[in-house]
Amino acid sequence: MAGLLDNVDQRTRLVGRNRLELLLFRLHGRQLFAINVFKVREVIRMPKLTAIPHRHPVVEGVTHLRGTTVPVINLGAAIGMKPQEVADDASLIITEYNRRTQAFLIGGVERILNMNWEEIESPPKTTGRGHYLTAITRHEEKLVEIIDVEKVLSEIVPYTTSLSEGLVDEDVIASAQGKRILVVDDSPVALNQARDTIEQLGIEVVTAGNGAEGLARLQTMAQNGEIDQLLMVITDAEMPEMDGYRLTTEIREDSRLKHLHVALHTSLSGDFNQAMVDRVGCDDFLSKFRPDELAELVQNYLRRVSDTDS
């Protein structure tokens, strides 16, 4: 338990400081790839796999870890590269996204890299694998490509934004007429998911691709006297230039914005979430992607606002 608490404390020191830790790895050749360490549970050598019928073409099978059945995704194949060979010297990155555990088959892990989000850039449109990249950076003059895991997973298990019948409270939604919600996320897949869900509530959605862009948009709205039109901010955690934690900190430090309701909407899950949310002053936390839960979060906030006004 002490080790876990130390780990939580070590990770949360990065929160609000616009810093992150990347796990660097290789698939084929010398190209470096990365994902955020927050989403990594462990890295293991290639275990025995069990084939499953009717599996997705990029799923090699499943493995069993401490009583849990974990699907194994060939990451090279999933992002349009040559499939990684299932060999004894390969590795698995065990990850947790959106409350689900899955493993990515890779060639080998390089190291963990501590960086500033200012050093992380959006991928250029000319990047060949830009379709599957959420960001890029450089380490020792080498390009590092950060995988858009949300897109990879959405292609294996297609998402839906349909809301359950009877979920929408028309009386509550009527109170939001003329209001907007700002959604901040660097993943086009995640932006579309959130927008499609919220628009079913009859609320206009405005978007930003990272925290810096989101903050600039908020500052412009405040300058133009439009901030009262904004119902809330829903932000991802991991984004180039400025992450969601730093964005929340900046909002809380701006007298024109500090009253805004901020919800962290992220694929991060596990032991660190509540500590991170408490540290930067978010109002709500929601794991991706649960359309009913997102709609309920918005409606519950509207109910609280209505109760306060009355």
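See above for the structure.
Caption draft 1: Looking closely at the overall build of the protein chain. Within the protein chain, the regular secondary structure consists of nine helices and 15 strands. Buried residues in the protein chain amount to 53% of all 310 residues. Long-range pairs, those at least 24 residues apart, make up 65% of the contacts in the protein chain with a sequence separation of at least 6. As presented, the protein chain carries roughly 14,500 Å² of accessible surface, and 45% of it is formed by carbon and sulfur atoms.

Caption draft 2: Local environment of helix α3 (residues 149-156). In terms of burial, α3 is a largely internal element, seven of the eight residues being buried. Residues of α3 that are buried include every one of Val149, Glu150, Lys151, Val152, Leu153, Ser154 and Ile156, and no others.

Caption draft 3: Region of the structure containing the pattern of salt bridges. According to the stated counting rule, one finds 14 salt bridges in the structure shown. The partner of Lys39 in a salt bridge is Glu238, and the shortest N-O contact between them spans 2.6 Å. Of the two residues, Lys39 sits in the loop between β2 (32-36) and β3 (40-45) while Glu238 sits in the loop between β13 (230-235) and α7 (244-252), which places them 199 residues apart along the sequence. Across the pair, Glu238 and Lys39 agree in class, each one buried. Two residues, Arg246 and Glu250, come together in a salt bridge whose shortest N-O distance is 3.0 Å. Taken together, the residues Arg246 and Glu250, both in helix α7 and four residues apart, mark about one turn of the helix.

Caption draft 4: Quick peek at unusual backbone geometry. Even without being a glycine, His54 presents a positive backbone phi close to 60°. By the secondary structure assignment, His54 is in the loop between β3 and β4 (59-65). On the basis of relative accessibility, which here comes to 83%, the residue His54 falls in the exposed class. Positive phi outside glycine occurs at Glu141, with the angle close to 65°. Within the secondary structure layout, Glu141 lies in the loop between β9 (133-139) and β10 (142-147). When its relative accessible area of 77% is taken as the criterion, Glu141 is described as exposed.

Caption draft 5: Structural context of a negative patch on the surface. Residues Glu118, Glu119, Glu121, Glu213 and Glu241 make up a contiguous surface patch of negative charge. Take Glu241: it is sitting in the loop between β13 and α7. Using a relative accessible area of 39% as the deciding quantity, one classes Glu241 as partly exposed.

Caption draft 6: Fine view of the side chain of Gln299. Its place among the elements puts Gln299 in helix α9 (residues 291-309). Here Gln299 is in contact with Leu167, Val168, Asp169, Val172, Ile173 and Leu201, once residues within four sequence places are set aside.

Caption draft 7: Structural view of the pairing of strand β1 (residues 19-26). For β1, the tally of buried residues reaches seven of eight residues, placing the bulk of the element in the interior. For β1 and strand β8 (residues 108-116), the ladder comprises eight bridges, and the chain directions are antiparallel. Bridge pairing links Arg19 to Asn116 in β8. Between the antiparallel neighbours β1 and β2 lie five residues, among them Gly29 with a positive phi of about 65°.

Conventions and cut-offs
- Residues numbered from 1 in each chain as written.
- Predicted model: local features only at pLDDT ≥ 70, side-chain atom pairs only at ≥ 80, totals over all residues.
- Heavy atoms only, no water.
- Helix = DSSP H or I, 4+ residues; strand = E, 2+ residues; numbered from the N terminus.
- Buried < 20%, exposed > 50% of the residue type's maximum accessible area, 1.4 Å probe, protein only.
- Contact = heavy atoms within 4.5 Å.
- Areas by Shrake-Rupley, 256 points an atom, 1.4 Å probe, with all protein chains shown as cover.
- Salt bridge = Lys/Arg side-chain N within 4 Å of Asp/Glu carboxyl O.
- Patch = residues over 30% accessible without salt bridge, like charges linked within 9 Å, V, L, I, M, F, W, Y side chains within 5 Å.
- Lys, Arg positive; Asp, Glu negative; His and termini not counted.
- Charge placed at Lys NZ, Arg CZ, Asp CG, Glu CD.
- Pairing = 2+ DSSP bridges.

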